[in-house]
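The chain contents come next:
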Amino acid sequence: MSKKFIDDFVKLPVSKMAQKMSDMTYLHENTEVPKSHYQKILQQEVLEMMAQDSTMECVLLNAILGQLQSLQKESPKLFLKALICMEKGIKIDNMNNRIFDSLEITYQEYQNQNEILHQDISECYDYQYENHGVSEEDWNDKYLS
């Protein structure tokens, strides 16, 4: 079996590998690419490189989407509440009754209005939090009359 260039290439240290790549690139129509360009790429972490690749990004996105869909299917109520907590920066450790009730009422509102949009959910939570314990009708009577 004959030995190939790649067999020796993969055994080189990064700096020599980068120089060889620069030399090979020059052989194509005298295209100059500095050794430092290749060296920088060769020294990147594998996950960082994968994140830059659109194909790999799609694979990772698909995995995350699958997890989110599974969580939503398992508990739609907790899923929506978790999204609101993420959106609002709510920490579970700091949750009080007002926040808990506001999340619960927001979920109930969402259930009643099946086609509520993300911004509407966020605004609904803000309203529930700001007007804790006040019905919309009472609030309208007090502030709009």
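Residues numbered from 1 in each chain as written. Predicted model: local features only at pLDDT ≥ 70, side-chain atom pairs only at ≥ 80, totals over all residues. Heavy atoms only, no water.

This part takes up the packing of aromatic side chains. A complete count under the given rule lists 2 aromatic pairs for this structure. Summarising the aromatic geometry, the rings of tyrosine 107 and tyrosine 110 are spaced 6.4 Å apart at their centres and angled 40° between planes, so their arrangement reads as tilted. Taken together, the residues span about one helical turn, with tyrosine 107 and tyrosine 110 both in helix α7 (residues 97-112) at a distance of 3 residues. Residue classification places tyrosine 110 among the partly exposed positions, given a relative accessible area of 24%. The ring of tyrosine 129 has arginine 98 lying over it, and the distance from NZ or CZ to the ring centre is 4.2 Å. (Phe/Tyr/Trp six-rings, centres within 6.5 Å; stacked < 30°, edge-to-face > 60°. Helix = DSSP H or I, 4+ residues; strand = E, 2+ residues; numbered from the N terminus. Buried < 20%, exposed > 50% of the residue type's maximum accessible area, 1.4 Å probe, protein only. Lys NZ or Arg CZ within 6 Å of the ring centre and 35° of its normal.)

Relative to the helices and strands, threonine 25 resides in helix α2 (residues 14-26). Overall, threonine 25 belongs to the buried group, its relative accessible area being 19%. Side-chain polar atoms of threonine 25 contact the side chain of tyrosine 38, separated by 2.5 Å. (Polar contact = N/O pair within 3.5 Å; in protein donor to acceptor, adjacent residues only side chain to side chain.)

On to the nonpolar core, then. Counting 9 residues, the largest nonpolar core consists of Leu80, Ile84, Cys85, Ile90, Ile99, Leu103, Tyr107, Ile121 and Tyr125. Of all the secondary-structure elements, those providing two or more residues to this core are α6 (76-88), α7 and α8 (118-130). In contact with isoleucine 90, not counting residues within four places along its chain, are Cys85, Met95, Ile99 and Tyr125. (Core = buried A, V, L, I, M, F, W, Y, C linked by side-chain atoms within 4.5 Å. Contact = heavy atoms within 4.5 Å.)

Right, let's get into α2. Taking 1.5 Å of rise per residue, the 13 residues of α2 would be expected to cover 18 Å, and the 18 Å separating its terminal C-alpha atoms lies within 8% of that figure. Along α2, the positions that sit buried rather than exposed are Met17, Ala18, Ser22 and Thr25. In a view along the axis of α2, the buried residues occupy a sector of 140°, so they form one face of it. Where α2 is buried, its residues touch α1 (5-9) and α3 (35-42). (Expected span 1.5 Å × (residues − 1). Arc of directions from axis to C-beta.)

This part takes up the pattern of salt bridges. Evaluation of the coordinates by the stated rule reveals 4 salt bridges. Here aspartate 8 and lysine 3 are joined by a salt bridge, their closest N and O atoms 3.0 Å apart. With a relative accessible area of 59%, lysine 3 lands in the exposed category. Measuring nitrogen to oxygen at the nearest pair gives 2.8 Å for the salt bridge that ties aspartate 126 to lysine 88. Within this pair, whereas aspartate 126 is found in helix α8, its partner lysine 88 is found in helix α6, the two being separated by 38 residues in sequence. Residue class for lysine 88 comes out partly exposed when judged on its relative accessible area of 27%. Taken together, the shared-partner salt bridges connect Lys77, Lys81 and Glu104 into one network. (Salt bridge = Lys/Arg side-chain N within 4 Å of Asp/Glu carboxyl O.)

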